[in-house]
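What follows is the residue order along each chain.
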Amino acid sequence: MANIKSQIKRNKQTIVARDRNKAVKSELRTRTKNAVAAVGTENEETALRAAVKRIDKAAAKGVIHKNQAANKKSGLMRRIAAMRQEA
């Protein structure tokens, strides 16, 4: 453990940021699963919109990179389009 005051503070900040990022990434996975599960129901549009909004928000906050956000949105749209084709 560091005994330099600034490093102790930095370690505390890192722990808080890691927990926040972990929660945001978990929410992204949950929203994506909900959007995929909602395909073919009346909640489909709202679930998809919520997932895309959370992905954009995570990218804006710096939790994920903007290119990763674009890839996640693209993959989600492709999955939903494929599921619509099957049904």
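Throughout what follows, the structure given in this document is the object of discussion. (Residues numbered from 1 in each chain as written. Predicted model: local features only at pLDDT ≥ 70, side-chain atom pairs only at ≥ 80, totals over all residues. Heavy atoms only, no water.)

### Some words on the pattern of salt bridges
For the structure on display, the rule yields five salt bridges. R54 is the partner of E27 in a salt bridge, and the nearest nitrogen-oxygen pair spans 3.3 Å. In this pair, E27 sits in helix α1 (residues 5-37) while R54 sits in helix α2 (residues 44-61), placing the two residues 27 residues apart along the sequence. R54 sits in the partly exposed class, given a relative accessible area of 28%. Ionic pairing is found between K73 and D56, a salt bridge with its closest N-O pair at 2.7 Å. One end of the pair, K73, is in helix α3 (residues 66-86); the other, D56, is in helix α2, with 17 residues separating them in the sequence. We classify K73 as partly exposed; its relative accessible area is 25%. Residue classification places D56 among the partly exposed residues on the basis of a relative accessible area of 34%. Among the charged side chains, a salt-bridge network with shared partners connects E27, R31 and R54. (Salt bridge = Lys/Arg side-chain N within 4 Å of Asp/Glu carboxyl O. Helix = DSSP H or I, 4+ residues; strand = E, 2+ residues; numbered from the N terminus. Buried < 20%, exposed > 50% of the residue type's maximum accessible area, 1.4 Å probe, protein only.)

### Some thoughts on α3
The first and last C-alpha atoms of α3 sit 31 Å apart over 21 residues, in line with the 30 Å expected at 1.5 Å per residue. Listing the buried residues of α3 in full gives A69, L76 and I80. An end-on view of α3 places all buried positions within 30 degrees of arc, on one side of the element. Away from the buried face of α3 by more than 90 degrees, exposed residues N71, R78, Q85 and E86 are located. (Expected span 1.5 Å × (residues − 1). Arc of directions from axis to C-beta.)

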